[in-house]
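Descriptive analysis of the structure
So the chains spell out like this:
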Amino acid sequence: NGPAQVTRLVLDENGNLVEQVVGDGGAGKISITTTGNPGDSVSLAGGSTIASVTTAGGNAGQVILSTPTLNVDNATITTDTSSSGNAGSIFAKVGTLTLTNGAEISSNSTGEATGAAGSILIQGLASLANAVTVTDSSILTSAANTGQGGSIAVDATSLTLNSATVSASVHN
């Protein structure tokens, strides 16, 4: 059993794909893989969300996206913890990644959480991503209490930041 493979996935108009832990068991991972053809894409827009969240002792799952083109427009890809469980990491294996209009890729340890934020890794399908463009959007990891912050790594041939924020922070 591997991840489902699709040619194109579109989440729009507040479409949500959420994995949530409310007990001590860990969440499974969210894995979206396109077939790898040049026209394949994953697009999120209009307030849509892909999220893995824990509010209890179990760990949130990883979010793994593997596609030639990932477009995130006014949408969110996130992992979060508000408990002792850890937030999952986010892996984007892409040819091109475009974040626009307040889009966000984030992993957070919030409120009174003692669990760690996850890491964010953006890389290419085989080696380096061709292009990562972040316009009026953010790539963030943060920890608000005693949880550890996550790291951010962008491995790309071209990285363009236009009114963008890339930040790994701890506030305790």
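Reference entry: report on the structure contained in this document. Here, residues in each chain are numbered from 1, in the same order as that chain's written sequence. In keeping with the predicted nature of the model, local features appear solely for residues at pLDDT of at least 70, side-chain atom pairs appear and are counted solely at 80 or more, and the whole-chain, interface and lining totals rest on all residues. For the side-chain quantities, the full set of heavy atoms in the structure was used; hydrogens and water were omitted.

A word on the overall build of the chain
Secondary structure is summarised from DSSP: a helix means a run of H or I of at least four residues, a strand means a run of E of at least two, and numbering begins at the N terminus for each. For the chain, the count of helices and strands is 0 helices and 16 strands. Radius of gyration here is computed from C-alpha atoms only, and the compact-globule reference equals 2.2 Å multiplied by the residue count raised to the power 0.38. Its C-alpha atoms give the chain a radius of gyration of 15 Å, near enough to 16 Å, the size a compact globule of 172 residues would have. Along the first, second and third principal axes, the C-alpha set of the chain runs to 40 × 40 × 30 Å. For every residue, the accessible area (1.4 Å probe, protein chains only) is compared with the maximum for its type, and the residue is labelled buried under 20%, exposed over 50%, or partly exposed between those bounds. With 172 residues in all, the chain has 45% of them scored as buried. The contact rule is simple, with two residues in contact once any of their heavy atoms fall within 4.5 Å. Restricting the contact set of the chain to residue pairs at least 6 apart, pairs at least 24 apart contribute 83%. Only carbon and sulfur atoms are counted for the fraction: they give 45% of the accessible area of the chain, which is about 7500 Å². Values of accessible area rely on a 1.4 Å probe in the Shrake-Rupley scheme; residue burial ignores everything except the protein chains shown.

Quick word on the side chain of Asn 145
In this structure, Asn 145 sits in the loop between β13 (138-143) and β14 (152-154). On the accessibility criterion, Asn 145 (19% relative accessible area) is buried. Here a polar contact means two N or O atoms within 3.5 Å. Within protein one must be a hydrogen donor candidate and the other an acceptor candidate, and residues neighboring in sequence count only if both atoms are side-chain atoms. Within the local environment of Asn 145, its side chain forms a polar contact with the backbone oxygen of Glu 112, the two atoms lying 3.1 Å apart. Within the structure, Asn 145 has its side chain in polar contact with the backbone oxygen of Ala 113 (distance 3.5 Å). The contacts of Asn 145, once residues within four sequence positions are left out, are Gly 111, Glu 112, Ala 113, Thr 114, His 171 and Asn 172.

Focus: the nonpolar core
What is meant by a nonpolar core is a set of buried Ala, Val, Leu, Ile, Met, Phe, Trp, Tyr and Cys residues, joined one to another through side-chain atoms within 4.5 Å. Ranked by internal contacts, the top residues of the largest apolar core, which has 25 residues, are Leu 44, Ile 50, Leu 70 and Ile 77. For this core, the element with the most residues is strand β9 (residues 90-100), which contributes 5 residues. If we ignore the near neighbours within four places in the chain, the residues touching Ile 77 are Leu 44, Ile 50, Val 63, Leu 65, Leu 70, Val 72, Ile 90, Glu 104, Ile 105 and Ser 106.

Digging into the environment of Ala 92
Summarising the element assignment, Ala 92 is placed in strand β9. Distance from Ala 92 to Leu 17, taken between C-alpha atoms, is 16 Å for residues 75 residues apart in sequence. Beyond its immediate sequence surroundings of up to four residues, Ala 92 is in contact with Leu 65, Leu 70, Leu 121, Ile 122 and Gln 123.

Some words on the pairing of strand β11 (residues 120-123)
Only one face of β11 is covered, namely the face carrying Ile 120 and Ile 122; the face carrying Leu 121 and Gln 123 is uncovered. Bridge count between β9 and β11: 4 bridges; the pairing is parallel. Along β11, the bridge assignment pairs Ala 92 with Ile 122. Two strands form a pair only when DSSP identifies at least two bridges running between them. Pairing between β11 and β14: 3 bridges, direction parallel. When the bridges of β14 are listed, Ile 120 appears paired with Ile 152.

Concerning a nonpolar patch on the surface
A cluster of nonpolar side chains, Leu 159, Leu 161 and Val 166, forms an exposed patch at the surface whose accessible area comes to about 260 Å². Residue position: Val 166 is located in strand β16 (residues 165-170). Residues forming no salt bridge and having over 30% relative accessible area are the ones grouped into patches, like charges within 9 Å of each other and nonpolar side chains (Val, Leu, Ile, Met, Phe, Trp, Tyr) within 5 Å. Should a side-chain nitrogen of Lys or Arg be within 4 Å of a carboxyl oxygen of Asp or Glu, the pair is scored as a salt bridge.

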